[in-house]
Amino acid sequence: MSIIQFVSLKKGHIMGRSRHPAKHRIYIAGFSVVLIAMLALYAAGNVFFSPISNMSRNWNVTFPHGAYVTFHKEDIGFQGDGTRFTTITLLRFSNVENTVLDTDDYSAPSEEDFDTINSVEKELQIPSSLNMDASHHYQAKRIYNHGGTLLIIGDSNQRQFYCYEFLQ
């Protein structure tokens, strides 16, 4: 046995291993727990604070399974007032019955609806989301509550919905 091997054995190192392997396992386990907790909080935050969840809570409405956000932009102040714009797309076989996206009680967009659309687009500095032409049939629904106004414009041809929120 050489002097280097003897000194390594005396210090508790055998072939590159430390003399406290349990300590390393504790560090790895602790890091893993922290990482999993952070990922769980991130996922829960995305579900709870998603635009669809926020609209459901703010306006007391339900969205169908298969509805997903394709675009979202907001300008919300410190007190929760401001505007939001969200584009929601439905999967092909989504069932919209008894949800806010059931267009049975929608009507043709009014001049007030177009003013709302232009106001939100200008405030949020987004390009015009609706290219009104003859190939699309748009329908509108307005929901009022103490928190403001929600305007939903539906495009029956593409299964897309444009949500304009004014929060007071």
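Everything numeric in this text was worked out from a predicted model, so none of it was measured. The residue numbering used here restarts from 1 in each chain and proceeds along that chain's sequence as written. Only residues with pLDDT of at least 70 are given local features in this predicted model, and only at 80 or more are side-chain atom pairs given and counted; all residues enter the totals for whole chains, interfaces and linings. Heavy atoms from the whole structure form the basis of all side-chain values; hydrogens and water molecules are not counted.

Visitor: Requested: an account of the pattern of salt bridges, with residues and values cited.
Guide: Every case where a carboxyl oxygen of Asp or Glu lies within 4 Å of a side-chain nitrogen of Lys or Arg is listed as a salt bridge. Overall, the coordinates contain four salt bridges when judged by the stated rule. A salt bridge links Arg84 to Glu74; its shortest N-O distance comes to 3.2 Å. Of the two residues, Arg84 is situated in strand β2 (residues 82-90) and Glu74 in strand β1 (residues 67-76); the sequence distance between them amounts to ten residues. Given the relative accessible area of 39%, Glu74 is considered partly exposed. For Lys141, the salt bridge goes to Asp105, with nearest N and O atoms at 3.0 Å. Of the two residues, Lys141 is situated in strand β3 (residues 138-145) and Asp105 in the loop between β2 and α4 (111-124); the sequence distance between them amounts to 36 residues. Strands are runs of DSSP state E lasting at least 2 residues, helices are runs of H or I lasting at least 4, and numbering of each runs from the N terminus. Partly exposed describes any residue whose relative accessible area lies between the buried limit of under 20% and the exposed limit of over 50%, with all areas from a 1.4 Å probe on protein chains only and scaled to the type maximum.

Visitor: Provide a residue-level description of the packing of aromatic side chains, including the pertinent values.
Guide: Working definition: an aromatic ring pair is given by the centre-to-centre distance plus the angle between the planes. Ring pairs are drawn from Phe, Tyr and Trp, using the six-membered ring of Trp, whenever the two centres fall within 6.5 Å, and their geometry is named by plane angle: stacked under 30 degrees, edge-to-face over 60, tilted for the rest. Counting across every chain of the model gives four aromatic pairs. Considering the side-chain rings of Phe71 and Phe85, the 5.9 Å spacing of their centres and the 55 degrees angle between planes classify their relative orientation as tilted. Highlighted residues: Phe71 in strand β1 and Phe85 in strand β2, separated in sequence by 14 residues. Judged by relative accessible area, which is 37%, Phe71 ranks as partly exposed. For Phe85, a relative accessible area of 2% translates into the label buried. For the pair Phe85 and Tyr162, a centre-to-centre distance of 6.5 Å together with 10 degrees between the ring planes defines the contact as stacked. With Phe85 in strand β2 and Tyr162 in strand β5 (residues 160-167), the pair connects residues that are 77 residues apart, well separated along the chain. The rings of Phe71, Phe85, Tyr162 and Tyr164 are connected pair by pair, giving a single aromatic cluster.

Visitor: Outline the sheet that holds β3, supporting the account with residue identities and numerical values.
Guide: When DSSP finds at least two bridges between two strands, those strands are taken to pair. With antiparallel pairing, the five strands of this open sheet are ordered in space as β1-β2-β5-β4-β3. The open sheet has two edge strands with one neighbour each: β1 and β3. Between one strand axis and the next, the sheet turns by 15 degrees as a mean value, whatever way the strands run. Note that β3 and strand β4 (residues 148-155) share eight bridges and pair antiparallel. Across the sheet, Lys141 pairs through a bridge with Ile152, a residue of β4. Strands β1, β2, β3, β4 and β5 of the sheet are contacted by helix α3 (residues 51-59), whose axis makes an angle of about 55 degrees with β5. Packing of α4 onto the sheet brings it into contact with β1, β2, β3, β4 and β5, and relative to β5 it is tilted by some 75 degrees. Axis geometry follows a simple rule: fit a line to the C-alpha atoms, using only the stretch in contact for helices, then measure angles between N-to-C directions, giving values from 0 to 180 degrees. What makes two residues a contact is simply this: any of their non-hydrogen atoms within 4.5 Å.

Visitor: Please give an account of the environment of Ala67 that cites residues and values.
Guide: As for its position among the elements, Ala67 is in strand β1. Separated by 22 residues in the primary sequence, Ala67 and Thr89 have C-alpha atoms spaced 5.7 Å apart. Each residue touching Ala67, except ones within four places of it in the same chain, is listed here: Ile52, Ile88, Thr89 and Leu90.

Visitor: Now, about α3: what can you tell me, with residues and values included?
Guide: All of the buried residues in α3 are Pro51, Ile52, Ser53, Asn54, Met55 and Trp59. A positive backbone phi angle near 55 degrees is found at Asn60, which sits one or two residues after α3.

Visitor: If you had to explain the side chain of Gln160 to someone new, which residues and values would you point to?
Guide: As for its placement among the helices and strands, Gln160 is situated in strand β5. Among the polar contacts made by the side chain of Gln160, one reaches the side chain of Thr89 at a distance of 3.3 Å. Two N or O atoms count as a polar contact when they lie within 3.5 Å, although within protein this holds only if one can serve as hydrogen donor and the other as acceptor, and sequence-adjacent residues are included solely when both atoms are side-chain atoms. There is a polar contact of 3.0 Å between the side chain of Gln160 and the side chain of Tyr162. Excluding residues that lie within four positions of it along the chain, Gln160 makes contacts with Thr70, Thr87, Ile88, Thr89, Ile153, Gly154 and Asp155.

Visitor: Now, about the nonpolar core: what can you tell me, with residues and values included?
Guide: Phe63, Ile88, Leu101 and Ile152 are the most contacted members of the largest nonpolar core, which totals 18 residues. Listed by contribution, the elements that provide at least two residues to this core are α3, β2, β4 and β5. Those residues in contact with Phe63, other than ones at most four positions away along the chain, are Ile52, Met55, Ser56, Ile88, Thr99, Val100 and Leu101. Take the buried Ala, Val, Leu, Ile, Met, Phe, Trp, Tyr and Cys residues and link them wherever side-chain atoms come within 4.5 Å; each set so joined is a nonpolar core.

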